[in-house]
Amino acid sequence: MTLRFVTTPLQAPIAAPAQRAGGVDPALLPAFGTAPGHEALLQRLRDPRVLFVTTGQQPALFTGPIYTIHKALSAAALARLLEDRWDRPVVPVFWVAGDDHDFAEANHAAWIGQDGSVVAASLPPRPAEAPLTPMYREPLGPAVAEALAAISAELPPSEFREETLAWLGRHFQPAATVATSYRDALAELLAPHGVVMFESTHPATKRAAAPLLLRALEASAELEDALAARAEGLATAGTDSGMTLGVGATLVMLDCRLGRDRLMRQADGFATRRGKAPWRLDELAALAGKEPERFSPNVLLRPVVESALLPTVAYLGGPGELRYLALTPPIYRRLGVAPQEPLPRWSGVLVEPRVTRVLEKFGITLEELMEPPGPLEARLVRSHLPGDALSALETLRAAIEAGYETIGRAAADIDPTLAKPVQGARHQALAGSHDVERKLVQHLKKREETELGQIARARAAVWPLGKPQERVLTLAPFLARYGPALLGELLGAIRSWYEEALEGAPAPA
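Below is a short write-up of the structure. Since the model is a prediction, treat every value here as computed from it, not as a measurement.

1. Some points on the nonpolar core
Phase 1 of the analysis: By size, the foremost hydrophobic cluster in this structure holds 81 residues, and its most contacted members are V53, F62, L78 and Y498.
Phase 2 of the analysis: Here this core gets eleven residues from one element, more than from any other, and that element is helix 2 (residues 67–86).
Phase 3 of the analysis: Residues contacting V53, with those up to four places away along its chain left out, are A75, L78, A79, L82, V90, V91, P92, V93, V313, A314 and L316.
Phase 4 of the analysis: In terms of nonpolar packing, the next biggest core, distinct from the first, is built from 51 residues, W95, L254, V304 and V337 among them.

Shown next as structure tokens:
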């Protein structure tokens, strides 16, 4: 495969995960998603020694940005590596965060169009007055057919085009919810690589998690103080968690008439933040017994729930997640849950042959291409200026500098007040030379539109909209061009990356 994977360097060494007691409560087995090829994998879940490497993400249209796939394959790579080292089953699990209610983050997908620019499709925005419905209850609606038509129109003929569009069409149907379409599409795609989906919104998961959420509510005042102290300690050490801890905000969300709502601590109990509905702890306990599906953890409590329900040895997250996960140790301690090791997922850029050709043609690096537009283009255009013109400009500027230095000394001897006007004249003369060069460059740019267009298209492919590729583009067009073998190649590269990153890592205590 001619596609290259360029890894983002690690900012700091990573720690090796530690083993723990294994085994899954059989009552949770229905929460693991199924897909063709998962039968043998699901059988492994019954092994009493089984451990997990988990990752997860909120659902999104067409499986969301590519970093979702980076996360899933990172879990697969690390799980295989640990399984080989420990000689016990380690299963990669993708935690489908179907409770998430941020529709603006979930309702769109983007890719590179046939003209080389970024193209996007989205579902209609949620009305401002609408409830914040969790994604596992939010239907895609008829507009998903238009989104499918949009991506179909932009995918040029290729070996795997129809196969890729059929995969999207099977799962992203109007009657499906955002979460189920996302879950099922990922389950099918990742089954060959051993990744199993776990439904955080499955009734079995909700029943199992409810007691822990109630304990978090009961201890909410202590947890708030402990988290504030932890945040202060991190800030003193120069670490920003990236999170604002609200006064009185618990770690538990409740699905009510306004959708998913934060429970806030009150003097006599709790109340939902937006709906202002009052609740006593005993009322919430009774509700959790009858309708556990209405309760969910916030982002700080979620990894604690994961580790409480599953024997998880590592959670793989992106930079932002790892920053806020640094806040969580007090939650694990207070709720008596064994912590998993938070580790970075693989991060990088998929560099296609067409981009490599541009880099080679112009003799530039990927890092230069991923800088803001302007300086690179100007440098490339300037390189086309006739050598004698550049030489003449440099000679002219040197002569201006030397001449005005002599004039400035003479002027200062005659009258010190003349120094400033002479300096102003010097600046004007130099500015004139630079103005001439700018005009030459501008006219060259018009002549070099084809080459500058190549640069612009290559930049859009690796740094779309001025953001990392993995945070903007979706996977489907890459699959259409390179086929499912792409995932196997990337998985191998990620495993090599973890092997190198964990080489010499300190052994767990």
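2. Let's talk about the packing of aromatic side chains
Phase 1 of the analysis: Counted according to the given criterion, the structure contains six aromatic pairs.
Phase 2 of the analysis: When the ring of F94 is compared with that of Y182, the centres are 6.2 Å apart and the planes differ by 55 degrees; the resulting orientation is tilted. Residue F94 is located in strand 3 (residues 90–96), and its partner Y182 is located in helix 6 (residues 178–190); the two are separated by 88 residues in the primary sequence. Each of the two residues, F94 as well as Y182, counts as buried.
Phase 3 of the analysis: Residues W497 and Y498 carry aromatic rings whose centres are separated by 4.8 Å and whose planes lie at 65 degrees to one another, so their mutual orientation is edge-to-face.

3. Here's the deal with the packing of helix 2 against helix 20 (residues 485–502)
Phase 1 of the analysis: Relative orientation of the contacting elements helix 2 and helix 20 amounts to 55 degrees, with a least axis distance of 8 Å. When the interaxial angle is binned, helix 2 and helix 20 end up oblique. Between helix 2 and helix 20 the crossing geometry is right-handed. Judged by residue contacts, I69, H70, L73, S74, A76, A77, L78, R80, L81, D84 and R85 of helix 2 engage L487, L490, L491, I494, R495, Y498, E499 and L502 from helix 20.
Phase 2 of the analysis: Class assignment for the residues of the contact of helix 2 with helix 20 results in twelve nonpolar, two polar and five charged.

4. Focus on the side chain of T54
Phase 1 of the analysis: Locating T54 in the fold gives a position in strand 2 (residues 51–57).
Phase 2 of the analysis: Here T54 falls in the buried class, since its relative accessible area comes to 0%.
Phase 3 of the analysis: Engagement of the side chain of T54 in a polar contact is seen with the side chain of E306, the distance being 2.8 Å.

5. A few points about the pairing of strand 8 (residues 259–266)
Phase 1 of the analysis: Counted residue by residue, strand 8 has six buried out of eight residues, so it is predominantly covered.
Phase 2 of the analysis: Bridging between strand 7 (residues 249–256) and strand 8 involves five bridges; their strand directions are antiparallel. Paired with L254 across the strands is D261, a residue of strand 8.
Phase 3 of the analysis: Hairpin connection, strand 7 to strand 8: the antiparallel pair is bridged by two residues.
Phase 4 of the analysis: Bridging between strand 8 and strand 9 (residues 269–272) involves four bridges; their strand directions are antiparallel.

6. A few points about the pattern of salt bridges
Phase 1 of the analysis: For the structure on display, the rule yields 24 salt bridges.
Phase 2 of the analysis: A salt bridge links E368 to R379, with the nearest nitrogen and oxygen atoms 2.9 Å apart. Note that E368 is positioned in helix 14 (residues 366–369) and R379 in helix 15 (residues 375–382), a separation of eleven residues in sequence.
Phase 3 of the analysis: The network of salt bridges with shared partners includes D84, R495 and E499.

7. Quick notes on the environment of A176
Phase 1 of the analysis: Tracing the sequence through the fold places A176 in the loop between helix 5 (161–171) and helix 6.
Phase 2 of the analysis: Looking at A176, the relative accessible area reads 17%, which means it is buried.
Phase 3 of the analysis: The spatial distance from the C-alpha of A176 to the C-alpha of P139 is 5.6 Å, given a sequence separation of 37 residues.
Phase 4 of the analysis: If we ignore the near neighbours within four places in the chain, the residues touching A176 are E138, P139, L140, H171 and S181.

8. What about the sheet that holds strand 10 (residues 278–279)?
Across a sheet, paired strands are connected by hydrogen bonds in the backbone, their directions being either parallel or antiparallel.
Phase 1 of the analysis: Spatially, five strands are ordered 10-9-8-7-11 in an open sheet, and the strand pairing comes out antiparallel. Each having just a single partner strand, strand 10 and strand 11 (295–297) make up the two edges of the open sheet.
Phase 2 of the analysis: Here helix 8 (residues 220–236) sits on the sheet in contact with strand 7, strand 8 and strand 9, set at roughly 130 degrees to strand 7.

9. Observations regarding helix 8
Phase 1 of the analysis: Here helix 8 contains 17 residues, and its C-alpha end-to-end distance of 24 Å stays within 8% of the 24 Å for a straight helix at 1.5 Å per residue.
Phase 2 of the analysis: Among the residues of helix 8, those classed as buried are S220, L223, E224, L227 and L234. The buried residues of helix 8 all sit within an arc of 100 degrees when viewed along its axis, so they share a single face. The exposed residues of helix 8 that point more than 90 degrees off its buried face are D225, E232 and T236.
Phase 3 of the analysis: Buried positions along helix 8 lie against helix 7 (203–218), strand 7, strand 8, strand 9 and helix 12 (329–335).

Procedures and definitions
- Residues numbered from 1 in each chain as written.
- Predicted model: local features only at pLDDT ≥ 70, side-chain atom pairs only at ≥ 80, totals over all residues.
- Heavy atoms only, no water.
- Core = buried A, V, L, I, M, F, W, Y, C linked by side-chain atoms within 4.5 Å.
- Buried < 20%, exposed > 50% of the residue type's maximum accessible area, 1.4 Å probe, protein only.
- Helix = DSSP H or I, 4+ residues; strand = E, 2+ residues; numbered from the N terminus.
- Contact = heavy atoms within 4.5 Å.
- Phe/Tyr/Trp six-rings, centres within 6.5 Å; stacked < 30°, edge-to-face > 60°.
- Axes fitted to C-alpha atoms, helices over the stretch in contact; angles between N-to-C directions.
- Parallel < 35°, antiparallel > 145°, perpendicular 65-115°, else oblique.
- Left-handed = near helix turned anticlockwise from the far one by under 90°.
- Nonpolar A, V, L, I, M, F, W, Y, C, P; charged D, E, K, R; others polar.
- Polar contact = N/O pair within 3.5 Å; in protein donor to acceptor, adjacent residues only side chain to side chain.
- Pairing = 2+ DSSP bridges.
- Salt bridge = Lys/Arg side-chain N within 4 Å of Asp/Glu carboxyl O.
- Expected span 1.5 Å × (residues − 1).
- Arc of directions from axis to C-beta.

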